[in-house]
Amino acid sequence: MNPSYISIHPEVQAALDAGNPVVALESTIIAHGMPYPDNVTTAKQVEAVIRDQGATPATIAIINGVCKVGLTNDELETIASATTVAKVSRRDIGHVLSTKSLGATTVASTMYIAGLAGIRVFVTGGIGGVHRGAQESMDISADLEELAQTSVAVVCAGAKSILDLPLTLEVLETKGVPVIGYQTDVLPAFYSRESDTPIPIRLDSATAIASLMFAHWHIGIPSGILITNPIPEAYSMPKNNIDHAIDQALLDASNRGIKGKDVSPFLLAAIKEITGGLSLKANIELVLNNARLGAQIAIAYQEANK
Ligand code: PSU
Ligand code: MN
């Protein structure tokens, strides 16, 4: 690896060298998933939650030709407020590095860069997956391919029903990715705790999740591991309300001909408008909740490795 393409923040490097728990964070959720200034406030709160639990946060983004692992406050502010920030999935990394442009990393590219840095746990809000109607559009997120090949555990709140949840689970099964529900028997649907989709594996503690990670990787399976954590009860949106908003947003997207990488950011913004901001509040709370669990898993995994 050319060391000039990756720069690990000294605090993150020190934690890695000491064998202390580190949690990676993505930046597409900041640049394209939430409006300014809620995005930067949330990004800082997420880092604070991880520190409170006793782990070191490492937010990842591409800045001036370098994959940064761990951002300064100024860098976080730049990613959150710049008018042009590329949404960087795996295929875009080389382009954004070589043009020295500003890039926010998705689940796929954050996993890849976290893996290079030796970070095993990554916290986000929601993953990409198989979109509804993918039989026609072929819109299946690169996040699923990355989960198939990169040894990082991803903590999320499940997937929004803009995706086809059962088909997303089918693809993850094909690709050998364990899908764990934390204290839940169904796949959480991001804004709501409920869905009709049973979860493949239920585990009820961070320690149990860490021992699955240890066993999975120790026996030599290189895939990622997906951990789904339901949004806290107090912020969970009624399934009917949110499904209605999602249907309306999907219709809007199709009427306007929104395609490819613009689909998820468009839908997130549309759902926020339709729900009068309630979806944004839910989004913030579920990410904070995931940060808490992710830090606990990172700590338990370090223990399991001793
Ligand atoms: N889901 C969300 N918020 C997000 C994303 C997904 O609720 O911000 C972002 C993540 O970065 C995810 C990406 O990796 O969208 C998936 O995009 P695509 O479907 O274009 O692969
Ligand atoms: Mn897509």
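In every chain, residue numbers begin from 1 and rise along the written sequence. All chains are assigned letters beginning with A, and all ligands numbers beginning with 1, in the order in which they are written. For a predicted model such as this one, the threshold for reporting local features is a pLDDT of at least 70, and the threshold for listing and counting side-chain atom pairs is 80 or more; totals across whole chains, interfaces and linings nevertheless cover every residue. Note that the side-chain values use all heavy atoms of the structure and ignore hydrogens as well as water.

Student: Would you mind showing me how to read the overall build of the protein here?
Tutor: From N to C terminus, the protein includes 13 helices and 11 strands. Seen through its C-alpha atoms, the protein measures out along the principal axes to roughly 50 × 40 × 35 Å. To sort residues, take the accessible area from a 1.4 Å probe on protein chains only and compare it with the maximum for the residue type: under 20% means buried, over 50% means exposed, and anything in between is partly exposed. Counting only residues that meet the buried cut, the protein has 54% of its 306 residues in that class. Counting contacts in the protein only where the partners sit at least 6 residues apart, residues at least 24 apart contribute 75% of the total. Reported accessibility uses the Shrake-Rupley method at a 1.4 Å probe radius. Residues are deemed covered only where the shown protein chains occlude them. Accessible surface, the protein: about 13,000 Å² in total, of which carbon and sulfur atoms supply 52%. The positive count covers Lys and Arg only, the negative count covers Asp and Glu only, and His and the chain ends enter neither. We put the charge of a Lys on NZ, of an Arg on CZ, of an Asp on CG and of a Glu on CD. Looking at charge distribution, the protein has the averaged site of its 21 positive side-chain charges lying 4 Å from that of its 30 negative ones. Comment: elements are numbered from the N terminus, with helices defined as DSSP H or I runs of at least four residues and strands as E runs of at least two. Two residues qualify as a contact provided that any one of their heavy atoms is within 4.5 Å of a heavy atom in the partner residue.

Student: So what exactly am I meant to see when it comes to the pattern of salt bridges here?
Tutor: A side chain with one charge may pair with a side chain of the opposite charge, provided their charged atoms come close. In what follows, salt bridge is the name for a side-chain nitrogen of Lys or Arg lying within 4 Å of a carboxyl oxygen of Asp or Glu. Counted according to the given criterion, the structure contains 14 salt bridges. Of the charged contacts in the structure, one is a salt bridge between arginine 90 and glutamate 146, with a shortest N-O distance of 2.6 Å. Here the residue arginine 90 occupies a position in the loop between strand S5 (86-88) and helix H5 (93-98), and glutamate 146 occupies one in helix H8 (residues 142-149), the gap between them amounting to 56 residues. Glutamate 233 is the salt-bridge partner of arginine 193, the closest N and O atoms lying 3.8 Å from each other. A residue pair is termed long-range when its members are at least 10 positions apart, and arginine 193 in the loop between strand S9 (179-182) and strand S10 (201-203) and glutamate 233 in the loop between strand S11 (225-228) and helix H11 (239-255) qualify at 40 residues. Residue arginine 193 is classed as partly exposed on the basis of its relative accessible area of 22%. Through salt bridges that share partners, Glu11, Glu47 and Arg51 make up one connected network.

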